[in-house]
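Structural overview
If you want the building blocks of each chain, they are given just below.
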Amino acid sequence: MIQIRRASDSDAVWLVQLVTDPSFNRGMGDDAQKGALLALAVPKKFEFHNAGRGCILIAQDQTGPLGYGAYLDSISTGYSYVEYGVTPSKFRRGIGGSILDALIASARQSGSLGLQTLCHLENVASIKLLSSRGFERPALANDPAPFKRYTLSFAFDFDNEPSPIEIIPPSSGS
Ligand SMILES: CC(C)(COP(=O)(O)OP(=O)(O)OC[C@H]1O[C@@H](n2cnc3c(N)ncnc32)[C@H](O)[C@@H]1OP(=O)(O)O)[C@@H](O)C(=O)NCCC(=O)NCCS
């Protein structure tokens, strides 16, 4: 059975191994340095996670970690940057979907305004996953960038809760 839990510092070694695996990086463009760059960012992600400025989740079964997901909060936008990945030998078993669902639930609960990510235009699996969970890509004409921004907004989703905006009637004197 697959469980999803919060990461601990000891998961960093496994995460570096995952992101430097060439099969893992295949859908992320031609940059030969991609794995090395992702590995360099791992300590920063744990710094955010431990400081409560985001969250790293690990999907695992009895054999060990199978995938991860993370969101990192942006103070300037109120949105969180999200990323995720699965051990290549475990692709297409629904693990990526389960991780993304857990990230969405956690980020929503944390008060984030929504999630954003950049996805390579040829990353079919990730595009399918993001679209199935309601992420949208703004249509920008003549956008030559290979990485496209996908956004899932929580800002206007109040889940039938009472509106936090109080409508004050205009005073009779105005
Ligand atoms: C993207 C990724 C996380 C998907 O993980 P996964 O566990 O294989 O995904 P799931 O099994 O939950 O599949 C999600 C959907 O994508 C589809 N899918 C997965 N791989 C696919 C592929 N290569 N081609 C077409 N569809 C694919 C699945 O069929 C499923 O759709 P469905 O629910 O309609 O059946 C995984 O491919 C990965 O780790 N890639 C490398 C890292 C990466 O690209 N991260 C995202 C950066 S934006």
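Placed above this text is the structure.
Summary of the structure given here. (Residues numbered from 1 in each chain as written. Predicted model: local features only at pLDDT ≥ 70, side-chain atom pairs only at ≥ 80, totals over all residues. Heavy atoms only, no water.)

Next up on the list: the overall build of the protein chain. Along the protein chain, the regular secondary structure elements total four helices and six strands. The buried share among the 174 residues of the protein chain stands at 38%. When contacts within the protein chain are restricted to residue pairs at least 6 apart in sequence, long-range pairs at least 24 apart make up 61% of them. As displayed, the protein chain offers around 10,600 Å² of accessible surface, 56% of which is attributable to carbon and sulfur atoms. (Helix = DSSP H or I, 4+ residues; strand = E, 2+ residues; numbered from the N terminus. Buried < 20%, exposed > 50% of the residue type's maximum accessible area, 1.4 Å probe, protein only. Contact = heavy atoms within 4.5 Å. Areas by Shrake-Rupley, 256 points an atom, 1.4 Å probe, with all protein chains shown as cover.)

What follows covers the packing of helix α1 (residues 12-19) against helix α2 (residues 34-50). Put simply, α1 and α2 touch, their axes get as near as 8 Å, and they point 155° apart. The pairing of α1 with α2 is recorded here as roughly antiparallel in orientation. In the crossing of α1 with α2, the sense of the turn from one axis to the other is right-handed. On the side of α1, the interface is formed by Ala12, Leu15, Val16 and Val19, while α2 contributes Gly35, Leu38, Ala39, Val42 and Phe46. Its residues assigned to classes, the contact of α1 with α2 comprises eight nonpolar, one polar and no charged. (Axes fitted to C-alpha atoms, helices over the stretch in contact; angles between N-to-C directions. Parallel < 35°, antiparallel > 145°, perpendicular 65-115°, else oblique. Left-handed = near helix turned anticlockwise from the far one by under 90°. Nonpolar A, V, L, I, M, F, W, Y, C, P; charged D, E, K, R; others polar.)

Take the pattern of salt bridges next. Where charged atoms of side chains with opposite charge meet at close range, the side chains can pair. Following the criterion strictly, the structure yields five salt bridges and no others. With a shortest N-O distance of 3.2 Å, Glu47 and Lys44 are connected by a salt bridge. Taken together, the residues span about one helical turn, with Glu47 and Lys44 both in helix α2 at a distance of three residues. A relative accessible area of 44% places Lys44 in the partly exposed class. Put simply, Asp143 and Lys148 hold a salt bridge, and the shortest N to O gap is 3.3 Å. We classify Asp143 as partly exposed; its relative accessible area is 29%. Note on Lys148: relative accessible area 5%, which makes it buried. (Salt bridge = Lys/Arg side-chain N within 4 Å of Asp/Glu carboxyl O.)

Right, let's get into the packing of aromatic side chains. The description of two aromatic rings rests on the distance between their centres and on the angle between their planes. A complete count under the given rule lists zero aromatic pairs for this structure. Sitting over the ring of Phe48, Arg53 keeps its end group 4.2 Å from the ring centre. (Phe/Tyr/Trp six-rings, centres within 6.5 Å; stacked < 30°, edge-to-face > 60°. Lys NZ or Arg CZ within 6 Å of the ring centre and 35° of its normal.)

What follows covers the environment of Gln60. With respect to the helices and strands, Gln60 occurs in strand β2 (residues 54-61). You can call Gln60 buried: its relative accessible area is 19%. For the pair Gln60 and Ile2, spaced 58 residues apart in sequence, the C-alpha to C-alpha distance is 5.5 Å. Contacts of Gln60, omitting those with residues within four sequence positions, involve Met1, Ile2, Gln3, Arg5, Pro65 and Leu66.

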